[in-house]
Amino acid sequence: MSLYARLADLPLVVDGLALERRESDTSSGFLRVTTTVALSGGGHVGRGEDVSYQAEEHDGYPEPDLRGRWTVGTLSARLGEVDLWPAGPASWPASVEYRRWAWESAVLDLALRQARTSLGEAIGRPYRSVRFIVSTRNDPRDWLAFDPELEFKLDPTPEWEPGYVEALAATGRIRVLDLKSYYTGTVVDNAPDPALYRACVELFPDAVIEDPALTDELRAILAPAEGRLSFDAPIHSIADVEALPLEPRFLNVKPSRFGTLERLLACIEWCETRGIAMYGGGQFELGYGRGQIQALASLFYADAANDVAPPAFNEPEPRAGLPRSPLAPSDRPEGFSFPTA
């Protein structure tokens, strides 16, 4: 039985809806806005978080009438029929999947809580302690001053001076380098730079290299590192992985990119059968979404270099007293969440 089949028939009752908007500054220099969808029923609340990056996407948020008795599968099908964009079409294509995921994850959370069970129990997998790394655009050495054991995912840019790159490599704490070549029209656009690609390959011989451009010139530079290339932004389904010009050995799994629970779990199973190493990806979640990506990491890729650090690590400045990796799960997990011990 597939992972999704184990969840699709879970029953749930919906009798209410609430929305919560959150905001926070980030180390990438923008105001992060998210919307939490809270479905209620039978004395329980299930939550999901919309991680659309454009703040205006969170205005005029939909409030569809989903009251009634459902299963996870039938309510997912209903979500495919209702208008989740009543204020007008999404300004960014990925936002369509991000919004759908907020509702799908709220549905799953509510169904599990009404059944008084957890995602791990429902699919027959144990929760494990989650290794996490920190994604930052600031100098990671500032963070290492607070915790020298931290590991990092960084976004190299052509502005990185050679001395700075060498200093970062000397820390020995860089696990993922995200080249972000698939973004256009965003604050993180990163035009391919051969010198930067060569530095990533040569100075960080153990780091996973994520989302590189694959022109003929750049593939020649990347050839020594082909076994550690990974992809993130273009992946929304199994078909997207199959369409890549090479078979990756790593994949950054961001649930919200898949939109539906069914597509996400299908891709996870597909990667497991092919030996593709997965690691969790974060999207500056401000609330329940962060615990949900930690839960998925705990169940499927707990030992990987997961970009699922607690939300405090998204703040612009480091501070003392932050949690340390790995995050231990609660001995009584519930719903679609990852409460720490």
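Residues numbered from 1 in each chain as written. Predicted model: local features only at pLDDT ≥ 70, side-chain atom pairs only at ≥ 80, totals over all residues. Heavy atoms only, no water.

## Thoughts on the pattern of salt bridges
A side chain of one charge can pair with a side chain of the opposite charge if their charged atoms are brought near each other. Selection rule: In the sections that follow, a salt bridge refers to a side-chain nitrogen of Lys or Arg positioned within 4 Å of a carboxyl oxygen of Asp or Glu. Burial classes: relative accessible area under 20% of the type maximum marks a residue as buried, over 50% as exposed, and values in between as partly exposed (1.4 Å probe, protein chains only). Note on conventions: DSSP H or I runs of at least 4 residues are helices, E runs of at least 2 residues are strands, and numbering of each starts at the N terminus.
Enumeration over the complete set of coordinates arrives at 27 salt bridges. As a salt-bridge pair, R67 and D65 come within 2.9 Å of each other at their nearest N and O atoms. On the basis of relative accessible area, R67 is assigned to the exposed category, the value being 58%. In this structure, the salt-bridge partner of R113 is D109, at a minimum N-O distance of 2.8 Å. Placement of both R113 and D109 in helix α3 (residues 94-114) is noted, with a separation of 4 residues, approximately one turn of the helix. Accessibility classification places R113 together with D109 in one group, the buried group. Several salt bridges share partner residues, and in doing so they unite R137, K153, D155, D178, K180 and E210 into one network.

## Regarding the sheet that holds strand β2 (residues 16-25)
Selection criterion: Paired strands, in this sense, are two strands between which DSSP finds at least two bridges. Orientation is described by lines fitted to C-alpha atoms, with helices fitted over the stretch in contact, and by angles between N-to-C directions that extend from 0 to 180 degrees. Here, two residues are considered to be in contact whenever any of their heavy atoms come within 4.5 Å of each other.
With respect to topology, 3 strands assemble into an open sheet ordered β2-β3-β4, the strand pairing being antiparallel. Every other strand in the sheet has two partners, leaving β2 and β4 (44-50) as the edge strands with one partner each. Strand-to-strand twist across the sheet, computed as the mean angle between neighbouring axes with direction ignored, equals 25 degrees. Against the sheet, α3 touches β2, β3 (31-41) and β4, its axis set at about 160 degrees to β4. In the packing of helix α12 (residues 288-300) onto the sheet, the strands contacted are β2, β3 and β4, and the crossing angle to β4 comes to about 90 degrees.

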